[in-house]
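Summary of the model geometry
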Amino acid sequence: MDFIPVWFEITAMVVLVLILIGDLLLVRLRPHIPSTKESTLWVVFYVTLALAFAGLLWIVSDGETAAHFVTGWALEYSLSIDNLFVFVLIMAQFAVPRRLQQQVLMVGIIIALVLRGIFIMLGVAVIENFAPVFYLFGAYLIYTAIKQAMPEGDHDDDVKREGFMVRLVRRFVDISDHYDDNKLRTEVDGKRMFTPMVLVFVVIGVTDLMFAIDSIPAIFSITSNGFIVFTANIFALMGLRQLYFLLGDLLDKLRYLHYGIAVILGFIGVKLILHAMHENSLPFINGGKPIEWAPDISTWMSLGVILVSMTVATVASLIAAARDKRKAAVTQ
């Protein structure tokens, strides 16, 4: 179990909340379309911040705790890239003006962090009181990996599933048909109404929570320390908004990314099941005794699989996109 001083946990959470508030105010007061340079600098800033945080964990705790954070952060960051495809579809579905998309993503991410925090607390409580839940987590992640590796098109289904929620919100809340700059409330024919921005906030936040159902059990394969799990999620999501604008049209070229994510989820699923076997206490499995031959996969191996899977999927996608571009040029 990773030990982290309470004073460090409190200080870190206060600083991270202040950074989030500052980021939100910056986006709120200056809505604009970020340039590639600006997006790159922000992504580098948040990656550097995450690595610096890992260094502080090494100092106040130990190297193993820092390794757990880095691996958990890399895992969450990798899996969250899949969210970007859905974000693109949602932005198109609600016709969100591009200069307002930063604010939409930022508020959606904050909503997601609150919901994930609740999810993580429940997960820690379940693990502490029912360790065999790792069998269920592992089986679910393997099932999700198989679905992820299937032919593309699932992202469209993800967006369509939000239709019921949108209809439900519209049934109880008056929402206008048009945006009014970055306002949440507007006036239509003398009647005060919410703008479509509210719907987008809700859909982005809840959609990210749906992705958390995959990623939160996955990170519990790295550590069951709630602080590390939550901060890894914070750092992964904080850089997601800038990554959305940095990648831009490149997302369409990452055709093999879902295979890389499938490999990661499948590997983590197997790791969870092996861990459950190694710590087994279920009476109907091996007489309730731990299965000694089941290996406990190391954190460093997990980090290696995550990095290699995402690198191979990205490089293969870019090579395929370049090949298609050359073929198109020849046929013209």
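Residues numbered from 1 in each chain as written. Predicted model: local features only at pLDDT ≥ 70, side-chain atom pairs only at ≥ 80, totals over all residues. Heavy atoms only, no water.

**A closer look at the overall build of the protein**
Let me state the cut-off plainly: Counting from the N terminus, the helices are the DSSP runs of H or I reaching at least four residues and the strands are the DSSP runs of E reaching at least two. Radius of gyration: C-alpha atoms only; globule rule: 2.2 Å multiplied by the number of residues to the exponent 0.38. Only protein chains enter the accessibility calculation, which uses a 1.4 Å probe. A residue is then buried if its area is under 20% of the maximum for its type, exposed if over 50%, and partly exposed in between. We call two residues contacting when some pair of their heavy atoms lies within 4.5 Å.
Across its full length, the protein carries 12 helices and 2 strands. Ordered by position from N to C terminus, the α and β elements of the protein give α-α-α-α-α-α-α-β-β-α-α-α-α-α. A compact globule built from 332 residues should have a C-alpha radius of gyration of about 20 Å, and the protein, at 21 Å, falls within 12% of that. For the C-alpha atoms alone, the extent of the protein along its principal axes is close to 70 × 55 × 40 Å. With 332 residues in all, the protein has 49% of them scored as buried. Counting contacts in the protein only where the partners sit at least 6 residues apart, residues at least 24 apart contribute 79% of the total.

**Digging into the environment of isoleucine 285**
Of note, isoleucine 285 is situated in the loop between helix 11 (257-278) and helix 12 (299-331). Here isoleucine 285 is in contact with Tyr135, Asn280 and Ile291, once residues within four sequence places are set aside.

**Description of the pattern of salt bridges**
Stated formally: Whenever Lys or Arg places a side-chain nitrogen within 4 Å of a carboxyl oxygen from Asp or Glu, that contact is recorded as a salt bridge.
In total, this model carries 1 salt bridge according to the counting rule given. With its nearest N and O atoms 3.4 Å apart, the salt bridge here joins glutamate 76 to arginine 116. With glutamate 76 in helix 3 (residues 63-93) and arginine 116 in helix 4 (residues 101-129), this pair connects stretches of sequence that are 40 residues apart. Classification of glutamate 76 as buried rests on a relative accessible area of 3%.

**Concerning a nonpolar patch on the surface**
This is how the line gets drawn: Only residues whose relative accessible area exceeds 30% and that form no salt bridge enter a patch; like-charged residues are grouped when within 9 Å of one another, and nonpolar side chains (Val, Leu, Ile, Met, Phe, Trp, Tyr) when within 5 Å. Per-residue and other accessible areas follow the Shrake-Rupley method at a 1.4 Å probe size, with only the shown protein chains counted as cover for residues.
On the surface, a cluster of nonpolar side chains totalling about 790 Å² of accessible area is made up of Val6, Ile10, Val14, Val17, Leu18, Ile21, Leu25 and Leu29. Within the element layout of this structure, isoleucine 10 appears in helix 1 (residues 6-29).

**Considerations on the packing of aromatic side chains**
Threshold: What counts as a ring pair is set by centres within 6.5 Å for rings of Phe, Tyr and Trp (its six-membered ring), and what kind of pair is set by the plane angle: stacked under 30 degrees, edge-to-face over 60, tilted for all other angles.
The tally for this structure, following the rule as stated, stands at 15 aromatic pairs. Relative to phenylalanine 45, the ring of tryptophan 42 lies with its centre 5.7 Å away and its plane at 90 degrees, an arrangement referred to as edge-to-face. Placement of the pair is tryptophan 42 and phenylalanine 45 together in helix 2 (residues 36-60), with a separation of 3 residues, close to one helical turn. Assessed through its relative accessible area of 38%, phenylalanine 45 is described here as partly exposed. Through a chain of ring-to-ring contacts, three or more aromatic side chains come together here, namely Trp7, Phe8, Phe53, Phe69, Phe227 and Phe235.

**Points about helix 11**
Counted only if it meets this: Helix span, expected: 1.5 Å multiplied by one less than the number of residues in the helix.
Look at helix 11: 32 Å from first C-alpha to last across 22 residues, which is about the 32 Å you get at 1.5 Å a residue. Most of helix 11 sits out of view: 16 of its 22 residues are buried.

**With respect to the side chain of serine 39**
Among the structural elements, serine 39 can be located in helix 2. Here serine 39 is in contact with Pro34, Gln242, Phe245 and Leu246, once residues within four sequence places are set aside.

**Regarding the nonpolar core**
Generally speaking, nonpolar side chains in soluble globular proteins are found buried as a group. Quick note on the threshold: Take the buried residues of types Ala, Val, Leu, Ile, Met, Phe, Trp, Tyr and Cys, join any two whose side-chain atoms come within 4.5 Å, and each joined set is a nonpolar core.
Counting residues in hydrophobic clusters, the biggest one holds 92 residues, and the most contacted among them are Phe69, Leu75 and Phe220. Excluding its chain neighbours within four sequence positions, the residues that come into contact with phenylalanine 220 are Ile120, Gly123, Val124, Ile127, Phe134, Phe137, Val229 and Leu272.

**Some points on the packing of helix 4 against helix 9 (residues 226-238)**
We apply this condition: A fitted line through C-alpha atoms represents every axis, and for helices the fit uses only the stretch in contact; the resulting angles, taken between N-to-C directions, go from 0 to 180 degrees. Any angle from 65 to 115 degrees is called roughly perpendicular, while one under 35 is roughly parallel, one over 145 is roughly antiparallel, and all others are oblique. Handedness of a helix crossing follows the sense of rotation of the near helix relative to the far helix, less than a right angle counterclockwise being left-handed and clockwise being right-handed. All amino acids are sorted into three groups, where Ala, Val, Leu, Ile, Met, Phe, Trp, Tyr, Cys and Pro are nonpolar, Asp, Glu, Lys and Arg are charged, and the leftover types, Gly among them, are polar.
Direction vectors running N to C along helix 4 and helix 9 enclose 160 degrees, while the axes themselves pass 10 Å from each other. Taken together, the axes of helix 4 and helix 9 are roughly antiparallel relative to one another. In the crossing of helix 4 with helix 9, the sense of the turn from one axis to the other is right-handed. Across from Ile109, Leu113, Arg116, Gly117, Ile120 and Val124 in helix 4, the residues of helix 9 making contact are Gly226, Val229, Phe230, Asn233, Ile234 and Leu237. Considering only residue class, the contact of helix 4 with helix 9 consists of 8 nonpolar, 3 polar and 1 charged.

**Quick notes on the packing of helix 5 (residues 133-149) against helix 8 (residues 197-219)**
Two numbers describe how helix 5 lies on helix 8: the axes approach to 10 Å, and their chain directions differ by 130 degrees. By the criterion of interaxial angle, the relationship of helix 5 to helix 8 is oblique. Remark: the crossing between helix 5 and helix 8 carries left-handed chirality. Residues Phe137, Tyr140, Leu141 and Thr144 of helix 5 form the contact with helix 8, whose participating residues are Ile213, Asp214, Pro217 and Ala218. Class assignment for the residues of the contact of helix 5 with helix 8 results in 6 nonpolar, 1 polar and 1 charged.

**Details of the pairing of strand 1 (residues 185-188)**
What counts is decided by this rule: Only strands that DSSP links by at least two bridges are regarded as paired with each other.
By the bridge criterion, 4 bridges tie strand 1 to strand 2 (residues 191-194) in an arrangement that is antiparallel. Bridge pairing links arginine 185 to phenylalanine 194 in strand 2. Between the end of strand 1 and the start of strand 2, which pair antiparallel, lie 2 residues, with aspartate 189 showing a positive phi angle near 55 degrees.

**Observations regarding the environment of methionine 238**
Tracing the sequence through the fold places methionine 238 in helix 9. Expressed as a C-alpha distance, the spacing of methionine 238 and tyrosine 46, which sit 192 residues apart in the sequence, is 7.1 Å. When near neighbours in sequence (up to four residues on either side) are disregarded, methionine 238 contacts Leu16, Ile19, Leu20, Tyr46 and Leu49.

**Things to note about the confidence of the model for the protein**
Filter applied, for reference: Residue-level confidence of the predictor is summarised by pLDDT, bounded by 0 at the bottom and 100 at the top.
Averaged over the protein, the pLDDT score is 81; the fraction of residues at 70 or greater is 92%. Helix 2 holds the highest mean pLDDT among the elements of the protein, 90, whereas helix 6 (residues 154-160) holds the lowest, 54.

**Considerations on helix 2**
Helix length check: helix 2 (25 residues) gives 36 Å between terminal C-alpha atoms against 36 Å at 1.5 Å per residue, within 8%. For helix 2, the full list of buried residues reads Ser39, Val43, Tyr46, Ala50, Phe53, Ala54 and Leu57. The inward-facing, buried residues of helix 2 abut helix 1, helix 3, helix 9 and helix 10 (240-247).

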